[in-house]
Amino acid sequence: MAETVLSFVLDQLSTFLREEGRLLGGLRQEVQFIRDELGHMRAFLREAEAKEEDAQPRLQEWIKQVREAAYDTEDILDEFVARFARHLPTGFYGSVRRIFSCIKNLRARHRVASEIRSIKSRIKSISEGHQRYQSEYGISAQPSNSLSAVNNTTWRYSRDDALLVEEAKLVGIDQPKKHLISQLLEGDDHQLKVVSVVGMGGLGKTTLVKRVHEDPEVRRHFPVRAWVTVSQTCDFQYLLKDLIRQLHKEGKKPVPQSIESSNTTELKEIIKDFLQQAGRYAIVFDDVWDVEFWNTIKFALPESSYGNRVMLTTRKADVASASCIESRRFVYRMEPLSTEDSWTLFCNKIFDGGNCPGHLMDVAKGILDKCEGLPLAILAISGLLASKDVNRVEEWEMVRRSLGGELEGTGKLDRIRKILFLSYGDLPWHLKTCLLYLSIYPEDHEIRCLRLVNLWIAERFVEWREGMSIEDVALGYLSELVNRSLIQVTGVFYEGTPDTCRIHDLLREVILLKSREQNIAIAATGQPTMWPFEKVRRLVVHGSSNNNTQHHQQRPNYYFDHLRSFVAVGSTNPLLSKSLLSDVLRSSKLLKVLDLSDQETQEEIPNEIFKMFYLKHLDLYGTRVERVPKGIGKLQHLEYLNLGNTGVRELPMEILKLQKLRFLRVYQPADPSDDDYGGHGFKAPSNMGGLRGLEILNRIDASSGSKIVEEIGKLTQLRELYITEFRREDGKVLCSCLANLASLHRLSIESIGNGDDHEIIDLNHHHPSLSFSSSCSFLQSLRMLILRGRLEKMPQWVARLHGLVRIDLNWSRLSGEEDPLESLQHLPNLGEINFCGSYQGEGLCFKAGEFLKLKRLHLKRMEGLRWMRVAEGALPRLQKLFLQQLPLLEELPMGIQHLIQLQRLNLYEMSPQLREKLLENQMEESEDYTRIAHIPEILIGYYTDDRKWRRLSLWEEKKKTYNLS
């Protein structure tokens, strides 16, 4: 975290000296000195932070001093610019105001000069410590990714323990073990096959693979076997020598004496020669941390003609995938234990396989919920509880309440912390900061990914990269944390883009510990005595379990002179959040991030906000705000403004002053309970095209006519555009404007009207960029297209959107002669189709060779649809099929048996005849059963006669029938 702060301050110092240096006068040399000294410390700081976990207290204190000095430097610079670098008015009255301002600011300038000199003195002292510690701790100025030897030793002991667990004590391992063994043994192929097992630390990957490796059938099939523990800090030459020794021992041959003097290339040749002569082999590489390891070791592994196997365990999805690219690919994602298996393991450890006493049941389940199926955590916490008196519930309650503290100590849960911390320690510095920022979210909170990445951007955690938008860079950071099994994706938007995510409870506890050390953020949850607000940079308000109104009324006022961010998360105490917000707005003149998302009690934008000179990020999503005052124009640094799901329907002319605005979202859902009906946008000023930096514009009301549509064509940086209340007569103008938007990724057009009353969207207009000769230029960056309104014909250019991944057609009402599939069938990257009331024909036919990449198909509210046909060879990758409110479809799709990749079939509000046919007792003997028996999950949903929603799993219902019989 210190390096993140330092990097930003160095950039700020360089910009400041270049653009505002004239204001410094004699202070310029002092500021230059501060920048140079901090720059010298940066490389050393990166290495020191990597060793911080095992560092001496003095080094940890030095890192803290650097962090605080960087923060204080930022404060002084911001105060200086806010006070002296603003543009004052011109003319006679402007001259008078400038004179009075100079007199008023003279004293302030002396104070700033004194503070800059004080910072210079501190930096000088810290720099001397940097040179001393560099010599004392042997830390070079060159960055390194290695962890300490202490960590490595501890980790190897932990892995050895995992290899010695008795199989009788293992739970939930039988099915995964059988699955992996079948992957190793199936087929007599001659190609090397790699089986990768991936998952977060503590899931039991090593234990599972060890059981597979030692299985008698595997041993018989592969006479030559070896097990190599790689880990983060592997010595590659040592690893190769160890592998050579194991192989020769297995083959009962003497180890070549030459290995001690051989280089890496020679050692790989020795391994390759041995394996080519040895016959069929199976080698395990346990705990692989980077792709480069596999890219190096694979050259020592011959293909031969014996059907050789390699197994690999890793926490990183990219390592698992990379190792399988050149072989027959199989990646097994390790899942947490089920609730039942978790309970069995828990009771086996504490009660020797017996039952949990009734009086401990509630607290035991509460503790187990924290483990979330993580075997390492269940075993460690069970070991801790085994020492407690089973007759004293309060001892167990104390453990439940203090799990975070137990992780912080050196007791029985310290191993969990060390294993989970390894994943943190392996992160590059910028991802460490992003991960620690997740500490702002409460336990079990579902995190909106778009909100998270935009907060990262506002907090300056994300670095600009050439040729990429800042949001794409931030999404790359998120993907990397998912890839490393540190963040769990819980919902996907499209093209695999995460929509919602969460973190494991125990990983969150580890993150909280580290976050507190580095002063990432302070969370206010309703306990004033626990609020150390001095010099707090980020303040987060959570919901409070003890909403003591009187207590909050009596609390003192707080001053947040150094605060940069105020974020409200989840359902907060209204009085607490309002009173704190009042203090923040009164005293935080340097605030840059204000996020009040989903705070329904917020009914207006306080005027104090418009005095926030540095405010970059204002999120009022889901509040009750209905009006944006003209004062919004004062927020000259604002980059992000979210007024989604509010009552705002118009923006003032002053919005055009926000030339740094990148993200603008203003809308109100037409029907909050049903997304199919879209939403209302905002009426924009007539010169909206002046906001040239806009990348996200969602949703602009186009009902005022072609002038506002023409303005959209001037916003050439747009990546996301949502238009509402679109008129038929403006179609030609819009097509012309869209040709200017070369970076557009998402486009949504919603016509005037609602449901069946939508006006026609006419986008079939000729434009030079729509001709076949230049078809590659028109909307070729588009990934998602939503058309909500009537269509007479599909726009001709849709068939040439080769980058399109998702298309939604709502209320199109295309006639039977205008089959929408004809325009879409050959789009090479189309992965998702959502049709709602889009087609009035009687049938849909998916032909062989069409929709080769489609993974998700949702058909809804197509009242005339009577049949569906899927030819063999069509939709070869379809995984999810949703059929909803298709009242005339009384039969399953013909050819559904050809959808061999189908994982889920949803049948919601379908005809009673189809539902009854599937649920009848003799269904297993029917042809329908044989056509859908391969689908793992089939869900049937419908409203009962008394209008209650009911959802059934077809296979669960069949199990009940068998049990009853």
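Keep in mind the model is a prediction, meaning the values are calculated, not measured.

**Q** Which residues make up the overall build of the protein chain, and what values go with them?
**A** Across its full length, the protein chain holds 30 helices and 29 strands. When the 965 residues of the protein chain are sorted by exposure, 55% land in the buried category. Partitioning the intrachain contacts of the protein chain with sequence separation of at least 6 by distance along the chain shows that 67% fall at a separation of at least 24. Total accessible area computed for the protein chain in this model is approximately 42900 Å², and 47% of it derives from carbon and sulfur atoms.

**Q** Break down the pairing of strand β18 (residues 720–726) for me, citing the residues and quoting the values.
**A** The side chains of a regular strand alternate between both faces of the sheet. Among the 7 residues of β18, 7 are classified as buried, and the element is accordingly described as predominantly covered. One ladder, built from 5 bridges, connects strand β17 (residues 696–701) with β18; its direction is parallel. Within β18, the position partnered with Ile700 by the bridge is Ile723. Regarding topology, helix α25 (residues 706–712) serves as the crossover connection from β17 to the parallel β18, and that connection is right-handed. Here β18 runs beside strand β19 (residues 746–751); their pairing, made up of 5 bridges, is parallel. The partner of Phe726 across the bridge, within β19, is Ser751.

**Q** Outline the packing of helix α13 (residues 339–351) against helix α15 (residues 375–385), listing residues and values.
**A** Here α13 crosses α15 at 30 degrees, and the two axes come no closer than 9 Å. Taken together, the axes of α13 and α15 are roughly parallel relative to one another. Crossing hand, α13 versus α15: right-handed. Facing α13, whose interface residues are Ser342, Leu345, Phe346, Lys349 and Ile350, α15 presents Pro375, Ile378, Leu379, Ser382, Gly383 and Leu385. Residue composition of the contact of α13 with α15, grouped by class: 7 nonpolar, 3 polar and 1 charged.

**Q** Explain a positive patch on the surface to me, and be specific about the residues and the numbers.
**A** The grouping of Lys589, Lys611, Lys634 and Lys657 at the surface amounts to a positive patch. Positionally, Lys634 belongs in the loop between β13 (617–619) and β14 (640–644).

**Q** I'd love a proper account of the environment of Lys578, names of residues and values included.
**A** Residue position: Lys578 is located in helix α24 (residues 574–587). Spatially, the C-alpha atoms of Lys578 and Gln599 are 9.9 Å apart, while their sequence positions differ by 21 residues.

**Q** Provide a residue-level description of the sheet that holds strand β7 (residues 488–492), including the pertinent values.
**A** Spatial strand order, β6-β8-β7: 3 strands in an open sheet with antiparallel pairing. Pairing within the sheet leaves two strands with one partner each, and these edge strands are β6 (447–448) and β7. Examined bridge by bridge, β7 and strand β8 (residues 498–502) share 4 bridges and lie antiparallel to one another. For Gly491, the partnering residue across the bridge sits in β8 and is Thr500.

**Q** Describe the pattern of salt bridges, and please don't skip the residues or the numbers.
**A** This model, assessed by the stated rule, comprises 54 salt bridges. The salt bridge involving Arg806 is made with Asp808; its shortest N-O contact spans 2.8 Å. For the pair formed by Arg806 and Asp808, the shared burial category is buried. Glu891 is the salt-bridge partner of Lys917, the closest N and O atoms lying 2.8 Å from each other. You can see Lys917 sitting in helix α28 (residues 912–919) and its partner Glu891 sitting in the loop between β26 (880–884) and β27 (904–908), a full 26 residues away along the chain. When salt bridges with common partners are traced through the structure, they connect Glu74, Asp75, Asp78, Arg460, Arg537, Arg564 and Lys592 into a single cluster.

**Q** Now, about unusual backbone geometry: what can you tell me, with residues and values included?
**A** For the peptide bond that leads from Asn698 to Arg699, omega is 0 degrees, which places it in the cis range. Within the fold, Arg699 resides in strand β17. Non-glycine residue Asp287 carries a positive phi angle of around 65 degrees. Structurally, the position occupied by Asp287 is in strand β3 (residues 281–288). When its relative accessible area of 3% is taken as the criterion, Asp287 is described as buried.

**Q** Provide a residue-level description of α24, including the pertinent values.
**A** The end-to-end C-alpha separation of α24 is 20 Å, in line with the 20 Å expected for 14 residues at 1.5 Å each. Every buried residue belonging to α24 is among Leu576, Ser577, Ser579, Leu580, Leu581, Asp583, Val584, Leu585 and Ser587, and all of these are buried.

**Q** Describe in detail the environment of Glu750, supporting the description with residues and values.
**A** Looking at the secondary structure, you find Glu750 in strand β19. What makes Glu750 buried here is its relative accessible area of 5%. Between the C-alpha atoms of Glu750 and Thr724, which are 26 residues apart in sequence, the distance is 4.6 Å. Ignoring any residue separated from it by four or fewer positions in sequence, one finds Glu750 in contact with Tyr677, Gly678, Gly679, Arg699, Ile723, Thr724, Glu725, Phe726, His758 and Arg788. For Glu750, the side chain forms a polar contact with the main-chain nitrogen of Gly679, separated by 3.5 Å.

**Q** Describe the packing of helix α20 (residues 449–458) against helix α21 (residues 470–483), listing the residues and the values that go with them.
**A** The relative placement of two packed helices comes down to the angle between their axes together with the axis-to-axis distance. In contact at an axis separation of 9 Å, α20 and α21 are set at 115 degrees when each is read in the N-to-C sense. Between α20 and α21, the angle falls in the class roughly perpendicular. In the packing of α20 onto α21, the handedness of the crossing is right-handed. Of α21, the residues touching α20 (which contributes Cys449, Leu450, Leu452, Val453, Asn454, Trp456 and Ile457) are Ile470, Glu471, Ala474, Leu475, Tyr477, Leu478 and Leu481. Residue composition of the contact of α20 with α21, grouped by class: 12 nonpolar, 1 polar and 1 charged.

**Q** If you had to explain the side chain of His213 to someone new, which residues and values would you point to?
**A** Counting through the fold element by element, His213 comes out in helix α7 (residues 205–213). The exposure class assigned to His213 is buried, which follows from its relative accessible area of 4%. Ignoring any residue separated from it by four or fewer positions in sequence, one finds His213 in contact with Val218, Arg219, Arg225, Ala226, Trp227, Ala282 and Val284.

How each quantity is defined
- Residues numbered from 1 in each chain as written.
- Predicted model: local features only at pLDDT ≥ 70, side-chain atom pairs only at ≥ 80, totals over all residues.
- Heavy atoms only, no water.
- Helix = DSSP H or I, 4+ residues; strand = E, 2+ residues; numbered from the N terminus.
- Buried < 20%, exposed > 50% of the residue type's maximum accessible area, 1.4 Å probe, protein only.
- Contact = heavy atoms within 4.5 Å.
- Areas by Shrake-Rupley, 256 points an atom, 1.4 Å probe, with all protein chains shown as cover.
- Pairing = 2+ DSSP bridges.
- Right-handed = clockwise from strand over helix to strand, strands pointing away.
- Axes fitted to C-alpha atoms, helices over the stretch in contact; angles between N-to-C directions.
- Parallel < 35°, antiparallel > 145°, perpendicular 65-115°, else oblique.
- Left-handed = near helix turned anticlockwise from the far one by under 90°.
- Nonpolar A, V, L, I, M, F, W, Y, C, P; charged D, E, K, R; others polar.
- Patch = residues over 30% accessible without salt bridge, like charges linked within 9 Å, V, L, I, M, F, W, Y side chains within 5 Å.
- Salt bridge = Lys/Arg side-chain N within 4 Å of Asp/Glu carboxyl O.
- Lys, Arg positive; Asp, Glu negative; His and termini not counted.
- Charge placed at Lys NZ, Arg CZ, Asp CG, Glu CD.
- Expected span 1.5 Å × (residues − 1).
- Polar contact = N/O pair within 3.5 Å; in protein donor to acceptor, adjacent residues only side chain to side chain.

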